[in-house]
Amino acid sequence: MRELLYRHALREALDEELARDDQVVIMGEEVAQYNGAYKVTEGLWEKWGEKRIVDTPISEAGFIGMGLGASMLGVRPVMELMFWSFHTVAADQLINNAANMRYMAGGLVHCPIVVRGPANGGTNVGATHSHCPEALYASFPGLKVCSPATPADAKGLMKAAIRDNDPVYVMENTKLYGVKGPVPDPSEGDHVVPLGSAEVKREGSDVSLIAHGRSVLQALEAAEVLQASHGISAEVLDLRSIRPLDQEAVIRTVMKTNRAVLVDESKPFSGVSAQITTLIQEHAFDHLDAPVKRVCSIDAPAIYSRYIEDEQLPNPRRVVEEVLKIA
């Protein structure tokens, strides 16, 4: 086990999959000579060459469409979006084509494409660069969506995504790229985190904090405050994968603690937490001792001011406040 930065864990996953399968290619804006906008692909162009690491024009519709077509012919492209906020430019390719192709072909055509990049607020870049579209894409059958919170999960989920025969959209967080954490050494075996598997990041008995992506770190920090200041034992469940969703893990943690607070950086209306709330109500209602609470981004376009945006997003103080309402 070593300590790696989140971006380095992603790079290691990409490097290992490039070595494992010669059909894996990486495409996106500035991923080659420039080493990627966030340095995730640093060094890969020098190692693998211009046929495996391909710079594209600034045209998401064009290069996502190119990657999708290549995936239908057996290539396994990993496409980098500089921001997931730019997804709308390629919505027809990402949604209408990628999600439906295998179904409409009766299983004869697969689309093993991965689209990855940052999907988050909190970096003070304004409303047009701060979207969290995981709930949107998870709502389309045929698409898979994951959002790793730790370096180990970033590596393991990326490897699983590349090997999957369906489109997988990996929603990362810019603010996590520089976060360091333990990652299994390649000598310890092939580190793959299956899509659809949640993980308890902190055991607890009084309330379940259910989150994904960077919100997991906010939940963990809130759990420490709850224990230290209020004697409340909070369990933190990291969804890791949005679609497929580990429904059994969600139900299991709610049945254990009898209370749930959902921490979700996406907006509350039709967000991931709205789906989780419905799941709990349908399958664990009799185990609840209090209403399900949610801590989401305040329902407005991302605010440019750093201090106001920090409050707009889920933070430990807001999580603690919601837990205390049902404790």
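Here goes a summary of the coordinates provided. Predicted model only: the values in this text are computed from it and were never measured. (Residues numbered from 1 in each chain as written. Predicted model: local features only at pLDDT ≥ 70, side-chain atom pairs only at ≥ 80, totals over all residues. Heavy atoms only, no water.)

### Examining the sheet that holds strand 12 (residues 241-243)
Reading across from one edge, 3-2-4-5-7-6-12 is the order of the seven strands in this open sheet, with mixed pairing throughout. Where the open sheet ends on each side, the last strands, each with one partner, are strand 3 (53-55) and strand 12. Here the strands of the sheet are splayed against their neighbours by 20° on average, with no regard to which way each runs. Direction of pairing for strand 6 (residues 144-146) relative to strand 12: antiparallel, over a ladder of two bridges. Looking at the pairing, V145 lines up with R243 of strand 12. (Pairing = 2+ DSSP bridges. Helix = DSSP H or I, 4+ residues; strand = E, 2+ residues; numbered from the N terminus. Axes fitted to C-alpha atoms, helices over the stretch in contact; angles between N-to-C directions.)

### Section: the sheet that holds strand 9 (residues 199-202)
Read from one edge of the open sheet, five strands run 9-11-10-13-14, paired in mixed fashion. Both outer strands of the open sheet, strand 9 and strand 14 (293-296), are each paired with one neighbouring strand and no more. Along the sheet, successive strands turn relative to each other by an average axial angle of 25°, direction set aside. Pairing geometry for strand 10 (residues 207-211) and strand 13 (residues 260-264), over four bridges, is parallel. Looking at strand 13, one finds that L209 is bridged to V261. Contacting strand 9, strand 10, strand 11 (234-238) and strand 13, helix 8 (residues 215-230) crosses the sheet at an angle of about 170° to strand 11. (Contact = heavy atoms within 4.5 Å.)

### So, the environment of W45
Looking at where W45 falls in the secondary structure, it is placed in helix 2 (residues 44-48). Considering only alpha carbons, one finds W45 and I251, 206 residues apart in sequence, at a separation of 44 Å. With residues near it in sequence (within four places) discarded, W45 still touches A32, Q33, E50 and I53.

### Digging into the layout of surface pockets
Quantified by volume, the largest pocket comes out at close to 370 Å³. Considering the residues around the largest pocket, the lining is formed by 22 residues, among which H131, C132, P133, S266 and K267 are closest to the centre. For the lining of the largest pocket, the secondary structure elements donating two or more residues are helix 6 (134-138) and helix 11 (306-312). Counted by class, the lining of the largest pocket contains nine nonpolar, 10 polar and three charged residues. (1 Å grid on protein atoms, 1.4 Å probe; cavity = no way out; pocket = protein on both sides within 12 Å on 5 of 7 lines; lining within 4 Å. Points joined across faces, edges and corners; volume = space filled by probe spheres on them. Nonpolar A, V, L, I, M, F, W, Y, C, P; charged D, E, K, R; others polar.)

### Some points on the side chain of H87
Looking at where H87 falls in the secondary structure, it is placed in the loop between strand 4 (76-80) and helix 4 (91-97). Its relative accessible area of 8% is what places H87 among the buried residues. There is a polar contact of 2.7 Å between the side chain of H87 and the side chain of Y137. With residues up to four places along the chain from it excluded, the contact list for H87 reads L94, P133, L136 and Y137. (Buried < 20%, exposed > 50% of the residue type's maximum accessible area, 1.4 Å probe, protein only. Polar contact = N/O pair within 3.5 Å; in protein donor to acceptor, adjacent residues only side chain to side chain.)

### Focus: the nonpolar core
A general feature of soluble globular proteins is that nonpolar side chains tend to end up buried together. In this structure, W84, L94, V115, Y137, Y169, I210 and I280 are the most contacted members of the largest nonpolar core, which totals 41 residues. Elements with a minimum of two residues in this core: strand 2 (24-28), helix 3 (60-72), helix 4, helix 6, strand 7 (168-172), helix 9 (247-257), strand 13 and helix 10 (272-283). Among all residues touching V115, those that are not within four sequence positions of it are I64, M79, L81, W84, L94, V168, Y169 and V170. Counting 31 residues, the second-largest nonpolar core is a separate cluster that includes L10, I53, C146 and A161. (Core = buried A, V, L, I, M, F, W, Y, C linked by side-chain atoms within 4.5 Å.)

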